[in-house]
Amino acid sequence: MAPQNYSDTDKAEDVKVLHNMGYAQELERRLSRFSNFAVSFSIICILSGGINSLAQGTAGAGGIGIGIGWLVGCFVSLTFAVAMSQISSAYPTAGGLYHWGSILGNRGTGWVTAWLNLLGLITVLGAINVGTWTFFIGAFGPALHIDGSLTNQMIFLVVITGAQALINHLGIKLTAKLTDFSGYLIFFGSILIAVVCLFSAEHWDFARLFTFHNYSGQPTLAADGSLTGDPVWPAVSNAWVFALGLLLPIYTITGYDASAHTSEETIKAASSVPRAMVMSVVWSALFGYLFLAAFVLMIPNMDDAAKQGWNVFFWAFDQRVPSGLKKFVYLVVFISQLLCGLATVTSASRMIFAFSRDGGLPGSASLAKVSPTYRTPVAAIWTAAILSVLFVWGSSVVSVAGTSAYTIVVSCTVIFLFLSFTVPIVLGMLAWGTPKWDKMGPWNMGRGVFMLFAFLSLVSMILIFVIGIQPPNDWALYITVGFFVLTAIVWFAFEKRRFQGPPLGEIIAARQAAIKAAEQAVGETAGH
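Residues numbered from 1 in each chain as written. Predicted model: local features only at pLDDT ≥ 70, side-chain atom pairs only at ≥ 80, totals over all residues. Heavy atoms only, no water.

### Describing the pattern of salt bridges
Then, number 1: In this structure the tally under the stated criterion is eleven salt bridges.
Then, number 2: Between E495 and R498 there is a salt bridge; the shortest N-O distance is 2.7 Å. Here the residue E495 and the residue R498 both occupy positions in helix α22 (residues 475-498), the gap between them amounting to three residues, near one helical turn.
Then, number 3: We classify E495 as buried; its relative accessible area is 10%.
Then, number 4: Within this structure, K11, R375 and E524 form a network of salt bridges that share partners. (Salt bridge = Lys/Arg side-chain N within 4 Å of Asp/Glu carboxyl O. Helix = DSSP H or I, 4+ residues; strand = E, 2+ residues; numbered from the N terminus. Buried < 20%, exposed > 50% of the residue type's maximum accessible area, 1.4 Å probe, protein only.)

So, in structure tokens, the structure goes:
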């Protein structure tokens, strides 16, 4: 059954665009413009990163880290979304970043982009679900008498990641219903927290949102209640502590590439996807600012808040909010975080599927298969889920120089994601107006606007990288350099001869019979 306002002509046009890029319509087009928006909005999930990483602001530069820092960091993320939106309209395919990197550059740049994005998505899925576990323990652990042991964490991760994969397995229709609900729930949760905080505040000291204080290097409260815990940030200068605080919004407002990854399941993708990508960042920025600013106004004392470190959200609610209302807020946030992981499985699995149908991964033949019953890439879904759990488990039991391998890897996860955004954006700057990119999609900002935001994206990437490798995340530099050295070796030694990349030119024409057979195998009739 076709969605409303989506005619057979519309669907035929979507399928034609896909056929012209050499791919079959194996996935099912069920996502409306809002549903596509909701997938990215759910992955961004300001009720996840905005809460779980809140200490980066409150124990960094204080109130100004939210009042000004949140807006600056959100604009940094917006530059990428705007630049990518132009490319996504011209090339609306699953695994969009990989495809863009190949078409606008070459097989090698596409291959590197794919691995950057894929590693980022798998590790960020693990990090999101670990964050959900951490929130669950803080919110409900004491009442349920559950401790935060690694065993309990892994049981929790296996259960929720398995559930997220199963829902994705059962079809995009069910997934879309839940991510649509997630979109509305995030709007509701943000307003709820803002209202609760504003009514619970002793007074509204708006000047606090623009007051700077350098809390870096200051110890936080340890588990025994003593002020001996590790500082959130090591002691740094005033300028650096503000810059480090930008990681709160920058690391929160990411994942909007999911709109591109679900292009082949979105109706009128060439116009729906770019709009959804941009607006997911805009609304996340605005509603995140709403509830975070209200939270800062509720905090009893900013100096005491800084001492709480990563526990600041629960501490402030314990101080100001009645128990019943507090638990309701926690439940809304917890459900939002679970659905954040659900949407991330969707995004990661489509990236695996898209890369595999061009032979980019070991076991590609299996990973690229689409279930004729559910019209989903089942093997890719479960692979993403299993790899994320294995990543968390393996990295949690290994330490490097006294630091958990999990902490080290997660510190560069978002660097990888933003690098995977930057590669096709820069290639787009070079390819605009050439045979590689001579036709714009219906979302056309014009050359001047695209070039401006592409340039701002490049500057933003430099900023993110410089900030992201500062202590305590200095291991991120070595991991990133090591990644590029390793990929260069693998590419020139093996993949340059083997990997063909996405179909181009005459290969697309030669694929049409195979495209027809693939669509018939899953029951797709559009375009025939």
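Further notes follow.
### Let's talk about the packing of helix α2 (residues 33-44) against helix α10 (residues 172-200)
Then, number 1: Across the interface, α2 lies against α10 with an axial gap of 8 Å and an inter-helix angle of 65 degrees. Handedness of the α2/α10 crossing: left-handed. When α2 is examined against α10, the residues F34, S35, F37, A38, V39, F41 and S42 are found in contact with a partner set consisting of A176, T179, D180, S182, G183, Y184, I186 and F187.
Then, number 2: Here the residues of the contact of α2 with α10 sort into nine nonpolar, five polar and one charged. (Axes fitted to C-alpha atoms, helices over the stretch in contact; angles between N-to-C directions. Left-handed = near helix turned anticlockwise from the far one by under 90°. Contact = heavy atoms within 4.5 Å. Nonpolar A, V, L, I, M, F, W, Y, C, P; charged D, E, K, R; others polar.)

### A word on the environment of A139
Then, number 1: Position of A139 relative to the elements: it lies in helix α8 (residues 107-144).
Then, number 2: For the pair A139 and W315, spaced 176 residues apart in the sequence, the C-alpha separation amounts to 11 Å.
Then, number 3: Here A139 is in contact with F314, K327 and Y330, once residues within four sequence places are set aside.

### Digging into the side chain of T161
Then, number 1: Inspection of the secondary structure assignment puts T161 in helix α9 (residues 150-169).
Then, number 2: For T161, the side chain forms a polar contact with the side chain of N129, separated by 3.1 Å.
Then, number 3: Not counting the four nearest positions on each side in its chain, T161 is found in contact with N129, A385, S388 and V389. (Polar contact = N/O pair within 3.5 Å; in protein donor to acceptor, adjacent residues only side chain to side chain.)

### Quick look at the packing of aromatic side chains
Then, number 1: Taken as a whole and assessed by the stated rule, the structure comprises 43 aromatic pairs.
Then, number 2: When the centroid spacing of 4.9 Å and the interplanar angle of 25 degrees are considered together, the rings of F34 and Y184 count as stacked. Here Y184 lies in helix α10 and F34 lies in helix α2, a separation of 150 residues in the sequence.
Then, number 3: Given the relative accessible area of 53%, Y184 is considered exposed.
Then, number 4: Three or more aromatic residues link up through ring pairs in this structure, and these residues are F34, F37, F41, Y184, F187, W283 and F287.
Then, number 5: Its guanidinium or amino end placed over the ring of Y23, R357 lies 3.7 Å from that ring's centre, counting from NZ or CZ. (Phe/Tyr/Trp six-rings, centres within 6.5 Å; stacked < 30°, edge-to-face > 60°. Lys NZ or Arg CZ within 6 Å of the ring centre and 35° of its normal.)

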